[in-house]
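Tertiary structure, described
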Amino acid sequence: MGSTNSVFTPEEKKIYKELTFLNSNEIENCFKAFSRIVDPEDRLSYDQIKKSKIDYQKFKKSLEFKENPFKDRIFKVFSKSRSKMTFEDYLDMMSVFSESCPSEIKVDYAFKIYAFSDSDHLEKEDLRKLITRLIGPQNQMSVEQIDEIIDKILSEADFSKDQTISLMEFSHIVSKSIDFEKTFSIRVQ
Ligand SMILES: [Ca+2]
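These figures come from a predicted structure and were not determined experimentally.

1. A few points about the overall build of the chain
From N to C terminus, the chain includes eleven helices and four strands. Here the C-alpha coordinates of the chain stretch approximately 65 × 30 × 25 Å along the principal axes. The buried share of the chain, taken over its 189 residues, is 20%. In the chain, the share of contacts with a sequence separation of at least 24, taken over all contacts with a separation of at least 6, comes to 53%.

Structure (structure tokens):
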């Protein structure tokens with residue numbers, strides 16, 4: 001009791017605060033969430049946890065993301081190695097999803113997540129996947145209905161008329177959506 005029983009050294013904390021939009025408490029909470037994924041049985045030391053990596057099989061079951069229809073894309077976009085997520089990757093991700101992250105950065109990452117083929121444009125096929133995932137498996141929509149939505153998005157957002165949505169076009173439509181920031185925020189407990 002009374003001793004500094006923090007997970008992080010003051011230096012680590014300082015660096016993480018500088019490199020993310022997270023406050024001290026949020027960084028601690030991210031560590032707890034990360035530990036729950038890598039070490040559910042509470043066997044590892046803090047240092048071992050910090051050096052652990054999460055694979056997709058574990059990530060997709062995590063409390064924060066199991067219900068997220070884009071969890072596979074989120075995992076891929078934020079895992080620098082593309083197949084394993086380090087604690088720093090996890091912090092970067094939670095930083096983008098935090099309420100303090102500026103909207104432009106959230107938009108940038110949302111675009112990467114929705115660009116299923118990792119290109120720099122959202123193609124019709126990306127929009128189809130996006131809509132299908134957003135409506136969820138229980139809401140049936142016909143191919144024609146989805147095509148109609150795609151056409152509507154393109155007619156409103158595709159200023160360059162090339163049948164794809166660029167990042168700039170995407171930012172423009174998203175900036176008009178009041179809900180965007182809300183849907184793109186996760187509070188880690
Ligand atoms: Ca376009």
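Continuing now.
2. Comments concerning the nonpolar core
The biggest cluster of nonpolar side chains holds 30 residues, and the ones touching the most others in it are Cys30, Tyr90, Leu91, Met93 and Met94. Elements represented by at least two residues in this core include exactly helix H2 (24–38), helix H5 (71–78), helix H6 (87–96), helix H7 (103–114) and helix H8 (124–135). In contact with Met94, other than residues within four places in its own chain, are Leu22, Cys30 and Val188.

3. Side note on the environment of Ser24
With respect to the helices and strands, Ser24 occurs in helix H2. Between the C-alpha atom of Ser24 and that of Ile153, which follows or precedes it by 129 residues, the distance is 40 Å. Sequence-distant contacts of Ser24, defined by excluding residues within four places in its chain, comprise Lys13 and Lys17.

4. Considerations on unusual backbone geometry
Phi is positive for Asp42, which is not a glycine, with a value near 60 degrees. If you trace the backbone, Asp42 turns up in the loop between H2 and helix H3 (46–51). The phi dihedral of Arg82 is positive, around 75 degrees, even though this residue is not glycine. The residue Arg82 is located in the loop between H5 and strand S2 (84–86) in this model. Among the residues examined, Arg82 registers 11 C-beta atoms within 10 Å and is labelled exposed.

5. Quick word on the domain arrangement of the chain
Domains assigned within the chain are domain 1 (10–96) and domain 2 (103–183). Taken together, the six residues of domain 1 in the interface contact nine residues of domain 2. Here the residues of the side of domain 1 that touches domain 2 sort into five nonpolar, no polar and one charged.

6. A short note on the environment of Lys112
Here Lys112 shows up in helix H7. Overall, the presence of 16 C-beta atoms within 10 Å leaves Lys112 in the partly exposed class. Considered as a pair, Lys112 and Leu122 are ten residues apart in the sequence and their alpha carbons are 9.1 Å apart.

7. Overview of the confidence of the model for the chain
For the chain, the average pLDDT comes to 92, and 96% of its residues sit at 70 or higher. Within the chain, S2 carries the highest mean pLDDT (98), whereas helix H11 (residues 180–183) carries the lowest (77).

8. Thoughts on the packing of H2 against H6
At a minimum axis distance of 10 Å, the contact between H2 and H6 shows a crossing angle of 125 degrees. Accordingly, the angle class assigned to the pair H2 and H6 is oblique. Here H2 runs over H6; the crossing is right-handed. For the pair formed by H2 and H6, the contact residues are Ile27, Cys30 and Phe34 on the first element and Phe87, Tyr90, Leu91 and Met94 on the second.

Cut-off values and rules
Residues numbered from 1 in each chain as written. Predicted model: local features only at pLDDT ≥ 70, side-chain atom pairs only at ≥ 80, totals over all residues. Helix = DSSP H or I, 4+ residues; strand = E, 2+ residues; numbered from the N terminus. Buried ≥ 20, exposed ≤ 12 C-beta atoms within 10 Å, placed from the backbone. Contact = placed C-beta atoms within 7 Å. Core = buried A, V, L, I, M, F, W, Y, C linked by C-beta atoms within 7 Å. Domains from an automatic or database assignment. Nonpolar A, V, L, I, M, F, W, Y, C, P; charged D, E, K, R; others polar. pLDDT = per-residue confidence, 0-100. Axes fitted to C-alpha atoms, helices over the stretch in contact; angles between N-to-C directions. Parallel < 35°, antiparallel > 145°, perpendicular 65-115°, else oblique. Left-handed = near helix turned anticlockwise from the far one by under 90°.

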